[in-house]
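Summary of structural features
Residue-level listing of the chains:
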Amino acid sequence: MSITYGIKEFGLLSRISSHNLRYFDKIGLLKPHRDSNGYRVYALPQVAIAEMITILQKAKVPNSEIKTLLNDYTSAETISRLKKSQSELFGYIEELTSAYKILSEHIVNLEKINTIKNDLNKPFIEDREEVTVGSVALKTDNIIDFFEEVGRVAENASWYLIHDYGFILNKEEVNGTGYPLTVMYCTTPAVIKESPLTFKSGRYMSMYCNGSLENNSKVYDLMKHAKDCGYKLKDDILIENVSGPAIENDKKDFIIKVMIPIDHT
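Residues numbered from 1 in each chain as written. Predicted model: local features only at pLDDT ≥ 70, side-chain atom pairs only at ≥ 80, totals over all residues. Heavy atoms only, no water.

**Some points on the sheet that holds strand S2 (residues 33-34)**
Read from one edge to the other, the open sheet built from three strands follows the order S1-S3-S2, with strand pairing classed as antiparallel. The sheet terminates laterally at strand S1 (4-6) and S2, the two strands that pair on one side only. Two strands pair when backbone bridges link them, and S2 and strand S3 (residues 40-43) are joined in this way by two bridges, in the antiparallel orientation. In the sheet register, His33 faces S3, and the bridge partner there is Val41. (Pairing = 2+ DSSP bridges. Helix = DSSP H or I, 4+ residues; strand = E, 2+ residues; numbered from the N terminus.)

**Some remarks on the packing of aromatic side chains**
The final tally for this structure, using the stated rule, is ten aromatic pairs. Look at Phe10 and Tyr42: their rings are 4.2 Å apart centre to centre, the planes differ by 10°, and that puts the pair in the stacked class. Separated by 32 residues along the polypeptide, Phe10 in helix H1 (residues 7-14) and Tyr42 in strand S3 bring together distant segments of the chain. With respect to class, Phe10 is no different from Tyr42; both count as buried. An angle of 85° between the planes, with centres 5.7 Å apart, marks the rings of Phe147 and Tyr160 as edge-to-face. In this pair, Phe147 sits in helix H6 (residues 143-154) while Tyr160 sits in the loop between H6 and strand S6 (165-169), placing the two residues 13 residues apart along the sequence. Here the aromatic residues Phe147, Trp159, Tyr160 and Tyr165 are joined through ring pairs into a cluster of three or more. Lying over the aromatic face of Tyr92, Lys60 brings its terminal NZ or CZ to 4.8 Å of the ring centre. (Phe/Tyr/Trp six-rings, centres within 6.5 Å; stacked < 30°, edge-to-face > 60°. Buried < 20%, exposed > 50% of the residue type's maximum accessible area, 1.4 Å probe, protein only. Lys NZ or Arg CZ within 6 Å of the ring centre and 35° of its normal.)

**Quick look at the side chain of Asn241**
Assignment of secondary structure puts Asn241 in strand S11 (residues 237-243). Apart from the residues within four sequence positions on either side, Asn241 is in contact with Tyr165, Gly166, Leu213 and Ile255. (Contact = heavy atoms within 4.5 Å.)

**Regarding helix H8 (residues 217-228)**
Between its terminal C-alpha atoms H8 stretches 17 Å, which fits the 16 Å expected from twelve residues at 1.5 Å a residue. Looking only at H8, the buried set comprises Val219, Leu222, Met223 and Ala226. Along the axis of H8, the buried residues cluster in a sector spanning 105°; they form a single face. Between a side-chain oxygen at the N-terminus of H8 and the backbone nitrogen of Lys218 the separation is 3.0 Å; the capping residue is Asn216. (Expected span 1.5 Å × (residues − 1). Arc of directions from axis to C-beta. Polar contact = N/O pair within 3.5 Å; in protein donor to acceptor, adjacent residues only side chain to side chain.)

**Things to note about the environment of Tyr208**
Mapped onto the fold, Tyr208 is located in strand S9 (residues 202-210). Assessed through its relative accessible area of 11%, Tyr208 is described here as buried. If we skip the residues at most four places from it in the chain, Tyr208 touches Lys112, Ile116, Asp119, Leu120, Asn121, Lys122, Phe124, Val242, Ile256 and Lys257.

**Side note on the side chain of Asn216**
Tracing the chain through its elements places Asn216 in the loop between S9 and H8. On the basis of relative accessible area, Asn216 is assigned to the buried category, the value being 7%. There is a polar contact of 3.1 Å between the side chain of Asn216 and the backbone oxygen of Ser212. Residues in contact with Asn216, not counting those within four places in the same chain, are Tyr179, Cys209, Asn210, Gly211 and Ile256.

**Regarding the packing of H1 against helix H2 (residues 18-27)**
Packed helix pairs are specified by the crossing angle of their axes together with the interaxial distance, meaning the distance between the axes. The contact between H1 and H2 brings their axes to 9 Å, and the two run at 105°. As far as their axial angle goes, H2 and H1 are roughly perpendicular. Where H1 approaches H2, its residues Ile7, Lys8, Phe10 and Gly11 are matched on the opposing element by Ser18, Leu21 and Arg22. Among the residues making up the contact of H1 with H2, the classes are represented as three nonpolar, two polar and two charged. (Axes fitted to C-alpha atoms, helices over the stretch in contact; angles between N-to-C directions. Parallel < 35°, antiparallel > 145°, perpendicular 65-115°, else oblique. Nonpolar A, V, L, I, M, F, W, Y, C, P; charged D, E, K, R; others polar.)

Rendered as C-alpha cells:
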C-alpha cells in the first residue's frame, strides 16, 4: 500500500503552506489525488516534486514556466532553462555577497562611530603603520569635484560608501580661519593603482571631532595643542572622514579624525 499524506501532513513535509498547496492545485502546478470524501491526498513521490518547485521558485522561475519544465523535465529545453537560471543565480549570489560585505563593514564602522562619540575633542597619541593610498590633486574650491574625480577613476559614483578618504593638508597653510583642500587621499583600488601615495609609519597626535573636512577649526586647535605639549610638527597633516554624507545630513554632525605627525622638540 502506497504512503499518502493529507494536506497538513504534506505541508509539514514539503515546507509549503496549505494555502500555497491549494493554489498550486488550482493552477495545475502540483495536483493531489482526491479521496472518497473529496479531500486532497498527496503521494510520497510528490515530496520531491514539491522540493523542486520550491528550488525553482527561489531561482526566480515563474510558476507558469515551472509547470512547463516539470511536464517535460528531461528535455533539452528544460536543461537550457535550468542553465539560464543557474547563471542568473550566480549573478544574484555575487550581488548578495557584495551587499553582505558592505553591510558588515558598515556595522563595524557604525559601532566604531558610537564608541568615538564618547571621545570627541580628546587628543591622543598613536603610532600608525605605513600604508599606501590613492591620491587626487585638484585646483578647486569645491570639495564635490574631488568626489566626482574619484568616482570617474573608480567608475563608481558611490565609492565613498565603502572606502576611506580624507585630505592632506600643508601645515604651513593651516590657520585659525581654515585651509585649502588640494589633495584628497582614498583607499579606492582604482585610484591607488593610478596615483599611489605612501604614508610612512610614525607617531601622530590625533583627535576625533565634529564638523566637516572643510575649514574645520579643530585642525588649528590640535596643531596649537601639539606645540603647547612640546611636540614638533613633522610632515603634512591628515584629516579623514569618519562619518559623513552617508550617515548624517548636517555638516556640524559629521565626525572627522585629525592626525598630526609629531616629534619631540
